[in-house]
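Observations on chain architecture
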Amino acid sequence: MKNSTSIKVTVIPYGIFLGFVLSLITIIAYAIDIDLLVQWWMKVLNFSITLLFGIMAVSKSKSTNKTFSFKDAFTAYFIPIAIGTFIFTLINYVLFSLIDPKAAHYIVEQGIQQYKNTMEKMGSPAEQINKVVESMKNENQFSLINEFSGYISNLALYSLIGLLVAALFKKKNINLA
């Protein structure tokens, strides 16, 4: 139990800082040029930063604990990502649903245009593209339900990666050998 408590104490600041960094990137991009928010590399940047914070939290926790099981490693990875992406999701919701809904509409329109261009280049049938586009237009991407759904989906993806990270970082118990 003591190991679990010390891991949580160690990794919670990573989660808070992760949420701050992701939110700051979004706010700066929003202030400089809203088109930055629909660029593929911004998504890659946010994904990479999130993974980096998770791995740094695991590394720090491993260095401060004598024993470090798979469960400990996964916990050290998951907690900061859950906290950081929650903060990020909350900031996105506030920014694009409460403060500037017009920006949200613009981002969705830009995303639809990118989707159409990509699917046309891939030779997808026009009726299939139009069906998906209509669906995208009718759904509020920045609603609380959709933001929460995206948060859960992202946690699932990060958890799968976390299983690999935990397997790499766990310490073998030499007393069992």
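Here's what I pulled together on the structure shown here.

**A closer look at the overall build of the protein**
- Helix and strand counts for the protein stand at six helices and zero strands.
- Along its sequence from the N terminus, the protein presents helices and strands in the succession α-α-α-α-α-α.
- Buried positions account for 37% of the 177 residues belonging to the protein.
- Put simply, 79% of the contacts in the protein that link residues at least 6 apart link residues at least 24 apart.

**Things to note about the packing of aromatic side chains**
- With the rule as written, the count across this model stands at eight aromatic pairs.
- Taking the centre distance of 5.7 Å and the plane angle of 45° together, the rings of phenylalanine 17 and phenylalanine 53 count as tilted. Taken together, the residues phenylalanine 17 in helix α1 (residues 2–32) and phenylalanine 53 in helix α2 (residues 40–63) connect sequence positions 36 residues apart.
- Phenylalanine 53 gets classed as buried once you look at its relative accessible area, which sits at 7%.
- On the basis of an interplanar angle of 70° and a centroid distance of 5.7 Å, the ring pair of phenylalanine 86 and tyrosine 151 is categorised as edge-to-face. Of the two residues, phenylalanine 86 is situated in helix α3 (residues 70–99) and tyrosine 151 in helix α6 (residues 144–169); the sequence distance between them amounts to 65 residues.
- Owing to a relative accessible area of 42%, phenylalanine 86 belongs among the partly exposed residues under this scheme.
- An aromatic cluster of three or more residues is present, and its members are Phe17, Phe20 and Phe53.

**Some details on the side chain of threonine 85**
- Its location among the elements puts threonine 85 in helix α3.
- Within the structure, the side chain of threonine 85 is placed 2.6 Å from the backbone oxygen of isoleucine 81, a separation counted as a polar contact.
- Discounting residues that sit within four places of it in the chain, threonine 85 has contacts with Thr50, Tyr151, Leu155 and Tyr158.

**Considerations on the packing of α3 against α6**
- The interhelical angle for the contact between α3 and α6, taken along N-to-C directions, is 155°, at an axis separation of 9 Å. Relative to α6, the element α3 lies roughly antiparallel. α6 is crossed by α3, and the crossing has right-handed handedness.

**A short note on the side chain of serine 159**
- In this fold, serine 159 is placed in helix α6.
- Relative accessible area serves as the criterion here: at 17%, serine 159 is assigned to the buried category.
- Leaving out residues up to four positions away in the same chain, serine 159 has contacts with Phe74 and Phe78.

What counts and how
Residues numbered from 1 in each chain as written. Predicted model: local features only at pLDDT ≥ 70, side-chain atom pairs only at ≥ 80, totals over all residues. Heavy atoms only, no water. Helix = DSSP H or I, 4+ residues; strand = E, 2+ residues; numbered from the N terminus. Buried < 20%, exposed > 50% of the residue type's maximum accessible area, 1.4 Å probe, protein only. Contact = heavy atoms within 4.5 Å. Phe/Tyr/Trp six-rings, centres within 6.5 Å; stacked < 30°, edge-to-face > 60°. Polar contact = N/O pair within 3.5 Å; in protein donor to acceptor, adjacent residues only side chain to side chain. Axes fitted to C-alpha atoms, helices over the stretch in contact; angles between N-to-C directions. Parallel < 35°, antiparallel > 145°, perpendicular 65-115°, else oblique. Left-handed = near helix turned anticlockwise from the far one by under 90°.

So, to be careful, I would describe these as geometric facts and stop short of saying anything about function.
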